[in-house]
Structure formats: structure tokens, C-alpha cells
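# Geometric and topological summary
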Amino acid sequence: MWVTVLWRWEANSHDMNTRDIVVYLALLPLTVFALALMLRWAWQGAARRQAAVAASAAAATTAAAASKPAGGGVDEERRHATVQLLGASLVCAAGESAAELQEAVLAGLPRPALDAEFTDEDGLPVLTARIKALDASAISELDALLEAPLNTARAKRPEWAELSPPDHVKRALSALQQPLLQAVGVLAPWADRFKPPQSLSGPPRDQAAAKQVRLLLGWPADWTAFEQELGVAFAAELIRANGDLPVPQANFVISSLAGSGEALWAHADRLLQTMTREGHQEPLIVAACHSMLSDSAVEALERSGQLFTAAKRPKGRMPGEAAAVLVLADAAWPLNPEADIPVPHLHRPAVLVRDKSVDAPGRVSSEVLSQAMTQALMAARLGGEAVTAIACDADQHSARGGEFHTSALALGAELDTEQDMRVLGTVTGFVGAVSTLLVVACAAARAQATEKPCLAVTLGDPFARLALVALPGPPTPPQTPPSPTETTAAKAAAAAAT
């Protein structure tokens, strides 16, 4: 550019002055350079947004395809199938059980609070939902348990040899410890099924003949490949180090998925249906953990424009931390003979995708969420009037709250906003994929407490919407109308009796 300007001045015999030099040789090139940078940033931002839309749409569309009713027969019945929720363990800033979490929602406490440890770009404290039990001593104890998993993860790739997890990853894994061990302990009544069967004479058969347990781990979408690998190694080491668990480590088949809670649950649903179709009666443990409480995590939220601040971003995310583990099994899994009441059953989910992010500017439609709720009720063969309670992960400061309440009203059910709805996001803050597991756990607990169906709804993802029905026990078989022959015979019998 400078060469071009100088050439034109030379060709036109231009008499240069100070203003020309400043404008054309300094300000103009800087302006063009700044415009180029802005265009580059805009292009990269659009690419990232498009990638996020594609990822969410891909995960949810696959689940939606699985959740649509098929033409009839076996596929139609599979759409109405249920799975057993054998147990649910959790920890978050509002409690360590589904009952405690629901009580916190009813009381409206504890809410996300100002955290002096983290400040935003204006130097003001950040609102967080912190698990107070994850203090320095808990993290120091975790370091000892992480030694072997760290070595395992670092050995996977040469470039990982010197890597270490940031504080928020450590806090998430620390939160996962107790819920995961408690969840595996739920399988104690069926411990014999996970042992190699004895032969009539001689030593026991190979361990491969015993039942397996599938463990599906859900990681935050922004965890690196190293952090995900470390998480898998940590879960395996945690199980190995606790030898008194009812399931040996050799029986676990571990897989993981990074993304939203809607994508995690859709993946779990497909896995359960595949095992049922192939005749494998094996429990599935679905686990997730999340924390955004570290300087690097808070700074990353702020750089991406997602951190909540009352003045600049009143619809942003309030960093939270939580872990939850659910133990699922096919409806045909044998009952626990020691249980006094039946375990809750969960119908298959309905997952749909919005065409616009809920966080985008402008009007937020509730149509997609309403459709997801309707499809979930259809899977349970229920009408909107049958809904007596709803659990969801909406909050009160973003558009998710309005989207949820509009959809809930559209059901036509007579619901009290305070007593019949559990809006968990008001006390948990943003906890990523864990929020879906928290919602399902609370919906199942609510269904057992009321002995009536409870609708579980998740809105954590900007695009995907999930809904499913939790029942207090096995579903009642649908009543088929009597055939014309049976009706005629009944009338004849009644006439004869008179």
C-alpha cells in the first residue's frame, strides 16, 4: 500500500505535507490492517458458532430419530418401553441427594453467591455455585489418587508427557468420587451375577462369563482430549482401588462422551436399546461431573462472552460444579428382593433441536420444547392433564425460564409454579451435562414421593431440548378394547343372568 501511494504521488508530482504523510502512510494502513483483523475474527467466530450448531444438531437429531414412533409392531412397542432406575447419587452446591436438591429449590437457597476468589474484567466478584466440601484438603487427597491415572494418560501421547490438569478439572473429578462409588454399591443385591459361574467340577469359569457393567462417562464439552483420557483413567483407578465393591473392575466396560447432557442421555438411550435388542441384560451406569471454578475456566467464559455479569451479560452463565451418577437397567432386570417399594421407571426420551440458540438476541420460541414434552407424553401414553409435577434445569435470569414456563402452561395441566415445578438451575448454576442427570434423578424421586408420573425437561444445551416421563414403578399395561365377539358374549351372559 505504501509503495502504491508513493508511486501515485511521484507520478502526479504531488506536493506532500505532514497531514498527507500521517493519513496515507500511517493511519490508512493501520485502518486497513484493523479491518482485516476484524474480518478474520468475525469469520472465526461464525465458524465456531456453525460448528457448535452442527454438533448439537447432529447429537440431538440422531436421538430424535431414535425417539420417533416407528410404523408399528416391535418398533412401536420399543418406543413405549421403559428402563429401571436402580439408583441415583449426586452432589452439587445445593445438596447431596435428590431430596436435598428439591428442598433447596423450594426454599430458594442456597443461590449462587459472590465468590471473592474470582473476579470479572471490571474487578467485581463472580457469582458461583460452589461445593464447599471441595476444599484444599479434598483436592490434596485427590492428588494422591490421580498419580496413577496421570501416568496412564500421559503415556498415551508423547505431547502429553508434561501436562497436568487445571484446578477446575481436579474439582470436577473430586466431586465424582463419592457418587460413583455409591452408584456401584447399588448393584450389591445382584453381586452374584457379576461373578464367574461355578462349574459342576473344577475351578470357576473364565471371568468373561460373568455379567458386565457398562459405565458411560460424560465430560464437559470444553475438556481437552488429555483431560478426558485422564478422567477415564481416574474412574478406572477409583474402582480398582476400592476392592470391596460388588462389581470387579474386570467387569466394567468404560466409554466416554464430551458434550451436553441431552447428547449424553440420547447416547445412553441408544446403548440401552441396543443391549435389549441383542439380548444383553447388563446395567448401564451413566455418570457426569462438571466444575468451572478456576481462574482459567472463569477467564475462558469471559473471553467467550458467556460469563454472567449483572451490568454487561445478565443472561450469561453462573459457574457451578456438580456430579451425578445414575444406575439404569432394562425393564426385565430382576427385582431386588430386599426392596420394599418398586424402583422408578423411565420412559424413553424425546429430543428435538431448536433452529436458533436460546442465547441469541431476539424473541425465544417455546414451540420446540412444547413438542418435545408432547412426544415424551405420547411415549408414556399420557395426556397433558396427567402431568402433576415437572423437574427441569431452567434458571430465572436467562430466556430458558420463559421458554420452560410457556411450554409448561401449554400442556393444559393444573400446575402450581412453586409446589409442582422443580426449577433446579436457580440453585445449581451452570453445571453442563450434569444438569440432565440431576433433573432425571429429581423427577424419579418426585414420582416415587407422589406415586404419580413426573415430567423431566432439560434446556441446558443452547439448541437441543429433551423431555421424558418418570414413573413411580413399572408402567401399567395399556388396556385393549374388547373385540365385538367378546362384547356380544358379555351382553348375552348379562341377559341370561337377568
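Below is a summary of the structure that appears in this document. The structure displayed is predicted, hence computed values, not measured ones. (Residues numbered from 1 in each chain as written. Predicted model: local features only at pLDDT ≥ 70, side-chain atom pairs only at ≥ 80, totals over all residues. Heavy atoms only, no water.)

Right, let's talk about the overall build of the chain for a bit. When its secondary structure is counted, the chain shows 14 helices and 13 strands. Here the chain holds 498 residues, and the buried ones make up 46% of them. Look at the contacts in the chain between residues 6 or more apart in sequence, and 77% of them connect residues 24 or more apart. About 24600 Å² of surface is accessible on the chain, with carbon and sulfur atoms providing 57% of the total. (Helix = DSSP H or I, 4+ residues; strand = E, 2+ residues; numbered from the N terminus. Buried < 20%, exposed > 50% of the residue type's maximum accessible area, 1.4 Å probe, protein only. Contact = heavy atoms within 4.5 Å. Areas by Shrake-Rupley, 256 points an atom, 1.4 Å probe, with all protein chains shown as cover.)

Once that is clear, we can look at the environment of F308. Among the secondary structure elements, F308 is positioned in the loop between α9 (295-303) and β7 (321-330). It is 9.9 Å that separates the C-alpha atoms of F308 and S398, two residues lying 90 residues apart in sequence. Filtering out sequence-adjacent residues up to four positions away, F308 remains in contact with L127, R313, P314, K315, G316, R317, M318 and H397.

Attention now goes to the side chain of R400. With respect to the helices and strands, R400 occurs in helix α11 (residues 399-410). A polar contact is formed between the side chain of R400 and the side chain of D359, at a distance of 3.0 Å. For R400, the side chain forms a polar contact with the main-chain oxygen of G460, separated by 3.2 Å. With near-sequence residues (within four places) excluded, R400 lies in contact with V358, D359, A394, D395, L459, G460, D461 and P462. (Polar contact = N/O pair within 3.5 Å; in protein donor to acceptor, adjacent residues only side chain to side chain.)

Bringing the packing of aromatic side chains into the picture now. Following the criterion strictly, the structure yields four aromatic pairs and no others. With a centroid separation of 5.6 Å and an interplanar angle of 65 degrees, the aromatic rings of W160 and F226 are classed as edge-to-face. Residue W160 is found in the loop between α5 (136-154) and α6 (167-185), and its partner F226 is found in helix α7 (residues 225-241); the two are separated by 66 residues along the sequence. Given the relative accessible area of 7%, W160 is considered buried. Note on F226: relative accessible area 3%, which makes it buried. The rings of W190, F194 and W333 are connected pair by pair, giving a single aromatic cluster. Directly above the aromatic system of W333 lies the positively charged group of R193, at a separation of 4.6 Å from the ring centroid. Seen from the ring of F430, R317 lies directly overhead, with NZ or CZ sitting 4.0 Å from the centre. (Phe/Tyr/Trp six-rings, centres within 6.5 Å; stacked < 30°, edge-to-face > 60°. Lys NZ or Arg CZ within 6 Å of the ring centre and 35° of its normal.)

Given a rise of 1.5 Å per residue, 17 residues ought to cover 24 Å, and the 24 Å separating the end C-alpha atoms of α7 matches this to within 8%. If you check which residues of α7 are buried, you get F226, E227, L230, G231, A233, F234, A235, A236, E237, L238 and I239. Taken together, the buried residues of α7 touch α5, α6, β4 (213-219) and β5 (252-258). (Expected span 1.5 Å × (residues − 1).)

Below, the discussion takes up the nonpolar core. One finds L101, W265, L346 and L438 to be the most contacted residues of the largest nonpolar core, which totals 45 residues. Secondary structure elements with two or more residues in this core: β1 (82-92), α4 (98-107), α8 (261-277), β6 (284-291), β7, α13 (434-450), β12 (454-458) and β13 (464-471). By residue number, the principal contributor to this core is α13, which donates ten residues. Other than its neighbours up to four places away in sequence, W265 contacts L326, L328, L346, P349, T436, L437, V440, L466 and L468. I131, A175, A235 and C289 belong to the second largest nonpolar core, which has 44 residues in total. (Core = buried A, V, L, I, M, F, W, Y, C linked by side-chain atoms within 4.5 Å.)

Any two side chains of opposite charge can pair, on the condition that their charged atoms come close. If you walk through the whole model with that rule in mind, you get 17 salt bridges. A salt bridge links D269 to R348, with the shortest nitrogen-to-oxygen separation between them at 2.9 Å. Note that D269 is positioned in helix α8 and R348 in the loop between β8 (345-347) and β9 (350-353), a separation of 79 residues in sequence. Comparing D269 with R348, the two get one shared label, buried. Residues joined by salt bridges that share partners form a network here, namely D115, E117 and R130. (Salt bridge = Lys/Arg side-chain N within 4 Å of Asp/Glu carboxyl O.)

Across the eight residues that make up β13, a large majority, eight, are buried. Neither face of β13 is exposed, since A464, L466, L468 and A470 on one face and R465, A467, V469 and L471 on the opposite face are all buried. With two bridges connecting them, β8 and β13 associate as antiparallel partners. Opposite L346, over in β13, you have A470 as the bridge partner. In terms of strand pairing, β12 meets β13 through five bridges, oriented antiparallel. When the bridges of β13 are listed, C454 appears paired with A470. Counted between consecutive antiparallel strands, the loop separating β12 from β13 contains five residues. (Pairing = 2+ DSSP bridges.)

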